[in-house]
Amino acid sequence: MKKTPHALPIEHQRGLYEAIFRRRDIRNFLPDEVPDEILARIIVAAHHAASVGFTQPWDFIIVRDLERRREVKRVFEEERARNAAQFTGERLRKFLGLKLEGILEAPLNLIVTCEPERFGPAVLGKVSIREVEVYSTCLAVGNLWLAARAEGLGVGWVSIVRNDVLREVFSIPQKVIPVAYLCVGFVDAFPDQPLLETAEWAARMPPRSLLHFDSWDSRTEGAGHTLAELVQDPAIWRGLLDGTTSKNE
């Protein structure tokens, strides 16, 4: 294998890929409190996400108050019913059987917000794409999720909720966007597969089918292309998880 001079040591690579491939959207939590030192580490990891123009548009609201969480749960149930109305038959039955939040079970909830134009309207890199601060905040959520997995913490993103309610319940200014409402806590176990895959709601698409070469129109699933074959080969990453990958030589 060709040596890459700036690659992390193999054990660090393994830890990164473990966190990525073993991360799950968690709905069931243990009641154990999350120690502040662990919570601090995952927040600092989130704060080290990339941001366009180094805007760092995120804030973090730590939510332990049960009354506020009960109000979020009430609105979740309303929105869940509205979501259910779009499905029929077997799809509806499956939807109603899914557990989609752990708002009250988790020892804490965490809201990641985005403040566009935090440093004024002139933002490096924002002239052509106005939503860059929201995209950057999503990178912070990703960092937090992976760091939490490395710490043995489960995270569940509750998307069936309304931002107007979150602003009201948590006194979030109108100019600030609630991006992610997260449930955070320890778990009995991390499932081998994503919840929705286990429930046969959806399946992971083969990565080869998502490749395009030089233009969107060149979407042939990469037949005969080396990269297309590699992304479809589990051996390309599985060795990093089971310890069989050799060091760069």
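Here, every reference points to the structure presented above.
The rules we used
Residues numbered from 1 in each chain as written. Predicted model: local features only at pLDDT ≥ 70, side-chain atom pairs only at ≥ 80, totals over all residues. Heavy atoms only, no water. Pairing = 2+ DSSP bridges. Helix = DSSP H or I, 4+ residues; strand = E, 2+ residues; numbered from the N terminus. Axes fitted to C-alpha atoms, helices over the stretch in contact; angles between N-to-C directions. Salt bridge = Lys/Arg side-chain N within 4 Å of Asp/Glu carboxyl O. Buried < 20%, exposed > 50% of the residue type's maximum accessible area, 1.4 Å probe, protein only. Left-handed = near helix turned anticlockwise from the far one by under 90°. Contact = heavy atoms within 4.5 Å. Nonpolar A, V, L, I, M, F, W, Y, C, P; charged D, E, K, R; others polar. Phe/Tyr/Trp six-rings, centres within 6.5 Å; stacked < 30°, edge-to-face > 60°. Lys NZ or Arg CZ within 6 Å of the ring centre and 35° of its normal. Patch = residues over 30% accessible without salt bridge, like charges linked within 9 Å, V, L, I, M, F, W, Y side chains within 5 Å. Areas by Shrake-Rupley, 256 points an atom, 1.4 Å probe, with all protein chains shown as cover.

This paragraph deals with the sheet that holds strand β4 (residues 177-186). Pairing is antiparallel in the open sheet, where four strands are placed in the order β1-β2-β4-β3. Edge strands, defined here as strands with exactly one partner in the open sheet, are β1 (58-63) and β3 (153-157). In this sheet, adjacent strand axes meet at a mean angle of 25° when their direction is disregarded. Taken together, the seven bridges between strand β2 (residues 108-114) and β4 define a ladder with antiparallel strand orientation.

Okay, the pattern of salt bridges next. Within the structure shown, the criterion is met by 22 salt bridges. Its salt-bridge partner being Asp65, residue Arg68 comes within 3.8 Å of it at the nearest N-O pair. Residue class for Arg68 comes out partly exposed when judged on its relative accessible area of 39%. According to the relative accessible area criterion, Asp65 is partly exposed, its value standing at 35%. Here Glu115 and Lys175 are joined by a salt bridge, their closest N and O atoms 3.4 Å apart. Here Glu115, found in the loop between β2 and α5 (132-150), pairs with Lys175, found in the loop between α6 (163-169) and β4; they are 60 residues apart in sequence, far enough to count as distant. Several salt bridges converge on common partners, so that one network encompasses Glu71, Arg74, Glu78, Glu79, Arg82, Arg162 and Asp164.

Glancing now at the packing of helix α2 (residues 36-47) against α5. Axis separation between α2 and α5 bottoms out at 7 Å; the angle between their running directions is 145°. Crossing of α2 over α5 shows right-handed handedness. Of the residues in α5, those in contact with Ile42, Ala45 and Ala46 of α2 are Ala140, Asn143, Leu144, Ala147 and Ala148. Partitioned by chemical class, the residues of the contact of α2 with α5 number seven nonpolar, one polar and no charged.

The subject of this paragraph is the packing of aromatic side chains. Counted by the stated rule, this structure contains six aromatic pairs. With 5.2 Å between their ring centres and 40° between their planes, Phe87 and Phe95 make a pair best called tilted. Phe95 carries the same exposure label as Phe87, and that label is buried. Measuring from centroid to centroid gives 6.3 Å for Phe170 and Tyr181, while their planes differ by 45°, and the two rings are tilted. Placement of Phe170 in the loop between α6 and β4 and of Tyr181 in strand β4 is noted, with a sequence separation of 11 residues between them. For the pair Phe170 and Tyr181, one class covers both residues: buried. Site record: aromatic cluster; members linked through ring pairs are Phe87, Phe95 and Trp201. Sitting over the ring of Trp145, Arg23 keeps its end group 4.5 Å from the ring centre.

What follows is about the side chain of Thr113. Along the chain, Thr113 falls in strand β2. Residue classification places Thr113 among the buried residues on the basis of a relative accessible area of 2%. When sequence neighbours within four positions are dropped, the list of residues in contact with Thr113 reads Pro57, Trp58, Asp59, Ile61, Thr137, Ile172, Val176, Ile177, Pro178 and Val179.

Another aspect to go through is the side chain of Glu79. Relative to the helices and strands, Glu79 resides in helix α3 (residues 66-84). Those residues in contact with Glu79 that sit more than four places away from it in its chain are Ile160, Val161 and Arg162.

With respect to burial, β3 is a largely interior element, four of its five residues being buried. Taken together, the five bridges between β3 and β4 define a ladder with antiparallel strand orientation. Bridge pairing in β4 links Val155 to Val184.

So, on to a nonpolar patch on the surface. On the surface, Leu16, Tyr17, Ile20 and Phe21 cluster together into a nonpolar patch covering about 320 Å² of accessible area. Structurally, Tyr17 is set in helix α1 (residues 10-22). Taking relative accessible area as the criterion, Tyr17 reaches 31% and is therefore assigned partly exposed.

To continue, consider the environment of Leu211. Structurally, Leu211 is set in the loop between α7 (195-198) and α8 (226-231). Residue classification places Leu211 among the buried residues on the basis of a relative accessible area of 18%. For the pair Leu211 and Ile62, spaced 149 residues apart in the sequence, the C-alpha separation amounts to 39 Å. Leaving out residues up to four positions away in the same chain, Leu211 has contacts with Ser218, Arg219, Leu227, Ala228 and Val231.

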